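Descriptive structure summary
Residue-level listing of the chains:
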Amino acid sequence: MSTTTKVSRQDIRKIIFDNYNETDVRFSNDEIMAHLNEQNSYREMELDVLDFEDVLLEMEGSGMLRPIAQNFNTRYYRLWGPLEQTNCKTCGRPTYFASSEEGKKCPHCNAKL
Ligand SMILES: [Zn+2]
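**A look at the overall build of the protein chain**
- On a plain count of helices and strands, the protein chain comes out with 4 helices and 5 strands.
- Traced from its N-terminal end to its C-terminal end, the protein chain shows the element sequence α-β-α-α-α-β-β-β-β.
- Seen along its three principal axes, the alpha-carbon backbone of the protein chain occupies a region of about 40 × 30 × 25 Å.
- The burial tally for the protein chain puts 21% of its 113 residues in the buried class.
- When contacts within the protein chain are restricted to residue pairs at least 6 apart in sequence, long-range pairs at least 24 apart make up 41% of them.

**Brief notes about the nonpolar core**
- Ile12 and Leu65 are the most contacted members of the largest nonpolar core, which has 18 residues in total.
- Of all the secondary-structure elements, those providing two or more residues to this core are α1 (9-19), α2 (29-36), α4 (53-61), β3 (74-79) and β5 (94-98).
- Look past the residues within four positions of Leu65 in its chain and what remains in contact with it is Leu56, Met59, Glu60, Tyr77 and Leu79.

**Observations regarding the pairing of β3**
- With burial as the criterion, only one face of β3 is covered, namely that bearing Arg75, Tyr77 and Leu79; the residues Thr74, Tyr76 and Arg78 on the opposite face remain uncovered.
- Note: strand β1 (residues 27-28) against β3, 2 bridges, orientation antiparallel. Residue pairing for β3: Phe27 is matched across the bridge by Tyr77.
- One ladder, built from 6 bridges, connects strand β2 (residues 65-71) with β3; its direction is antiparallel. Directly across from Asn71, in β3, lies its bridge partner Thr74.
- In this antiparallel pair of consecutive strands, β2 and β3, the connection spans 2 residues, and Phe72 shows a positive phi of 55 degrees.

**Notes on α2**
- Among the residues of α2, Asn29, Ile32 and Leu36 are the ones counted as buried. The buried residues of α2 occupy one face: seen down the axis, they fall within an arc of 60 degrees.

**Quick notes on the environment of Val55**
- Within the fold, Val55 resides in helix α4.
- Residue Val55 is classed as buried on the basis of its 21 C-beta neighbours within 10 Å.
- Distance from Val55 to Arg9, taken between C-alpha atoms, is 6.5 Å for residues 46 residues apart in sequence.

**Focus on the sheet that holds β2**
- If you walk across this open sheet you meet the 3 strands as β1-β3-β2, and the pairing is antiparallel. Across the chains shown, the open sheet's two edge strands, defined by having one partner strand only, are β1 and β2.

The rules we used
Residues numbered from 1 in each chain as written. Predicted model: local features only at pLDDT ≥ 70, side-chain atom pairs only at ≥ 80, totals over all residues. Helix = DSSP H or I, 4+ residues; strand = E, 2+ residues; numbered from the N terminus. Buried ≥ 20, exposed ≤ 12 C-beta atoms within 10 Å, placed from the backbone. Contact = placed C-beta atoms within 7 Å. Core = buried A, V, L, I, M, F, W, Y, C linked by C-beta atoms within 7 Å. Pairing = 2+ DSSP bridges. Arc of directions from axis to C-beta.

Written out as structure tokens, the structure is:
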């Protein structure tokens, strides 16, 4: 089901959790990219927003991201519900999902959550 991408889903979820975790806050793929670029490993990749478009589309599909506007390659979102940090019962590592999301799987060990 999931495609391989340069950008980790977990890193994007963590950025949203840390910076935009309220349903009335609007944020864009450009802003997410700016946060990714604060990490050396991503800055060296010279990312384009299209490099993680598939990840954001998947997050729309799961019921996490609510697309609200688009201007060329810039997409604006809100959250349907806040993300919650919980530790996976199988591997014990942190995950960030909205309670309403469907098909939740641990990004570390792939266990169903
Ligand atoms: Zn796990």
